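Structural characterization, general
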Amino acid sequence: MLHSKDTSARLFFTYLKDKIELFLYIKPRSTYGSAMIHRRTPGDAAINRRILSLLENAGVSPARTDIWILLYPPEIHTTTIYVKPGISSQKLREQIEEEVLSKLQYSFNYDWKNYLIQKRDNGYGQDMVTVSILGKNVLARIRSLLYKNYAGVTFIGDGLQFLGIDVAKFPQACGQIYEVILPYDEIYYKAIFRSGIHMRSKVLTHACSDYFGHYHLLKQQAYLDFSRTGLKGDLPQIQPIVPKVEWQEALLTPTAFPSWFIATSSLKRVAVNNFVDLFQAQKYEQDAPENKYELHSVPQLLN
């Protein structure tokens, strides 16, 4: 669902350096149901014209369209560390630099000055701190691509945070650590969740094989993976998430599946890890001093 009454559509803009994916979700109007349109396009200076053409053909006003920028590793890195309760902001920054930033592969390509954190009560005498950090040039590149359209951006962040599952459909995941695998062209992305909270995103590094142990993973599907979490049971350790009929009813091309799955999942989420405040602030403060953006702490007991 789109929560703003002033918004009639949401344009998901997937930034993957050499190519851009556009996925437009249009709210139900009058007696018409919702509509979805998917496009792949080069990431060049003509992207704004393609966006305006897409909206015009769909009969959607740019002024009533939210733009969501979806990022994936390595453009964004999300991971989780554990800290002592009541740790000072300075000590937390030092621990993040020591345990997260300095250990990143090609760490010099990431923006050490600006990152987002979410801090939660772990329930075991520790706080769980989830850190998201962007590639150093990601925001500048997005701004140059979108040009005037950047005013409509309401979300920039890790697209894999929307891979969390509905535990009503998969009760075995309730209160557990679980992983979700998303095939994306020849890449496999994985998001790790704990009690439904996004903890980590990564690219799988087992080349381009679609075999995971005894399991053969197909495209146009996402998978719930318990194989590394130690959860025992009679169900398969890796199992598909999306009912085939739901995807077929979307009436989209096969390459649209990852965008469709993440976009539709995001429509059900309200609280998200979002870089958009930093993105908009840099429009006015190109030479601003160093800032660390911290999201509100969430006092939540994890099982």
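Figured I'd write up the structure that's included with this text. (Residues numbered from 1 in each chain as written. Predicted model: local features only at pLDDT ≥ 70, side-chain atom pairs only at ≥ 80, totals over all residues. Heavy atoms only, no water.)

To continue, consider the overall build of the protein. Counting secondary structure elements, the protein contains 6 helices and 16 strands. Looking at the protein as a whole, 50% of its 303 residues qualify as buried. The long-range share in the protein, meaning contacts at least 24 apart out of those at least 6 apart in sequence, stands at 63%. (Helix = DSSP H or I, 4+ residues; strand = E, 2+ residues; numbered from the N terminus. Buried < 20%, exposed > 50% of the residue type's maximum accessible area, 1.4 Å probe, protein only. Contact = heavy atoms within 4.5 Å.)

Evaluated as defined, the whole model comprises 16 aromatic pairs. Each ring, one from W247 and one from F257, has its centre 5.2 Å from the other, and the planes form 90 degrees; the classification is edge-to-face. Remark: F257 occurs in helix α5 (residues 257-266) and W247 occurs in helix α4 (residues 244-250); sequence separation between them is 10 residues. The same class applies to W247 and to F257, which are both buried. Among the aromatic residues, those joined into a cluster by ring pairs are F12, F23, W68, F155 and F162. Positioned over the ring face of W68 is R10, at 3.9 Å from the centre of the ring. A cation over an aromatic ring shows up here: R143 above the ring of Y150, its NZ or CZ 5.9 Å from the ring centre. (Phe/Tyr/Trp six-rings, centres within 6.5 Å; stacked < 30°, edge-to-face > 60°. Lys NZ or Arg CZ within 6 Å of the ring centre and 35° of its normal.)

The next point concerns the sheet that holds strand β3 (residues 35-42). Each strand in a sheet pairs with its neighbour through backbone hydrogen bonds, running either in the same direction (parallel) or in the opposite one (antiparallel). Reading across the sheet, the 5 strands line up as β3-β2-β1-β4-β8 and stay open at both edges, with mixed pairing between neighbours. Across the chains shown, the open sheet's two edge strands, defined by having one partner strand only, are β3 and β8 (153-158). Here the average twist between neighbouring strands, direction ignored, is 15 degrees. Summarising the sheet, strand β1 (residues 9-16) and strand β2 (residues 19-26) pair through 8 bridges and their orientation is antiparallel. Each bridged residue has a counterpart across the sheet, and for L16 the counterpart in β2 is K19. Packing of helix α3 (residues 138-146) onto the sheet brings it into contact with β1, β2, β4 (65-71) and β8, and relative to β1 it is tilted by some 125 degrees. (Pairing = 2+ DSSP bridges. Axes fitted to C-alpha atoms, helices over the stretch in contact; angles between N-to-C directions.)

One can find I67 in strand β4. A residue is classified by how much of its surface remains accessible, and I67, at 5% relative accessible area, is buried. Spatially, the C-alpha atom of I67 lies 5.9 Å from that of R10, the residues being 57 residues apart in sequence. Residues in contact with I67, not counting those within four places in the same chain, are L11, F13, N149, G152, V153, T154 and F155.

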